[in-house]
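Breakdown of the fold
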Amino acid sequence: MSKKIVKKPAVCQPKRGVCPKGRTAASGPYTATVMEHFSKPHNYGKIADPDGVGKVGNLVCGDVMWLYIKVVKDKAGKEIIKDIKFETFGCVAAIATSSAITDIAKGMTLDEAYKIDKKAIVDKLGGLPPIKLHCSVLAADALVEAIYDYYTKQKRAIPADLEEKHQRIKKD
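Attention in this report is confined to the structure presented alongside it. Here the residue index of a chain counts from 1 through its sequence in written order. Two thresholds apply to this predicted model, a pLDDT of at least 70 for residue-level local features and 80 or more for giving and counting side-chain atom pairs, whereas whole-chain, interface and lining totals are computed over all residues. The basis for every side-chain value is the complete set of non-hydrogen atoms in the structure, without hydrogens or water.

A closer look at the nonpolar core
- Ranked by size, the top nonpolar core spans 41 residues in total, and within it Ile69, Ile81, Ile101, Ile121, Leu143 and Ile147 carry the most contacts.
- Secondary structure is summarised from DSSP: a helix means a run of H or I of at least four residues, a strand means a run of E of at least two, and numbering begins at the N terminus for each. Of all the secondary structure elements, the ones that give two or more residues to this core are strand E2 (64–73), strand E3 (79–89), helix H2 (92–105), helix H3 (110–113), helix H4 (118–125), helix H5 (133–153) and helix H6 (160–171).
- By residue number, the principal contributor to this core is H5, which donates 12 residues. Residues belong to a common nonpolar core when they are buried Ala, Val, Leu, Ile, Met, Phe, Trp, Tyr or Cys residues joined through side-chain atoms within 4.5 Å. Burial status follows relative accessibility: with a 1.4 Å probe on protein chains alone, a residue under 20% of its type maximum counts as buried, one over 50% as exposed, and anything between as partly exposed.

Structure, rendered in structure tokens:
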């Protein structure tokens, strides 16, 4: 006699009473963390006099993100993101990923911050539906563009890997 293995679904099925870990029937395909960031976004708004601004969008889904950063030197003399805010026109995932990246990047050095990838954002949110993963890429790209803008305004040499990311974003 073999045991029947029952797999949890990728999305909630309230009529059957089953949802993946961290999800409820009310949140649909999104984790509770995604819904929290969507309903009460962290660091939403504009910075009055930003040191860098990143704007990215996706023509297919229509999402548009603006990310604003304020940069200061820490006690060791390294440049860190002191403040970061966003404005996003988009879906639940776009707003949640924008909110999440601000939490991740605040206090980081510029070198650390522009290396944040979609996996770090998705992990912070406890997952995203596969069809919404492009939102996490947009959030990471918006931060790259804000840091690139900062370096450009400061007339500073742009690190090669940051330049490479910027060129990829421009192409897309």
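Structure shown, so let's carry the discussion forward.
Some details on the side chain of serine 98
- Along the chain, serine 98 falls in helix H2.
- Contacts are assigned to residue pairs that have any heavy atoms within 4.5 Å of one another. The contact partners of serine 98, leaving out residues within four places of it in the chain, are Met65, Phe86, Thr88 and Ala139.

Observations regarding the pairing of E2
- A pair of strands is labelled paired if DSSP reports no fewer than 2 bridges between them. Relative to E2, strand E1 (residues 52–57) runs antiparallel, the two being bridged by 6 bridges. Bridge pairing in E2 links glycine 52 to isoleucine 69.
- Connecting the antiparallel pair E1 and E2 is a turn made up of 6 residues, with glycine 62 showing a positive phi of about 90°.
- As paired elements, E2 and E3 share 10 bridges and run antiparallel to each other. If you follow isoleucine 69 over to E3, its bridge partner there is isoleucine 84.
- Counted between consecutive antiparallel strands, the loop separating E2 from E3 contains 5 residues, among which glycine 77 sits at a positive phi close to 90°.

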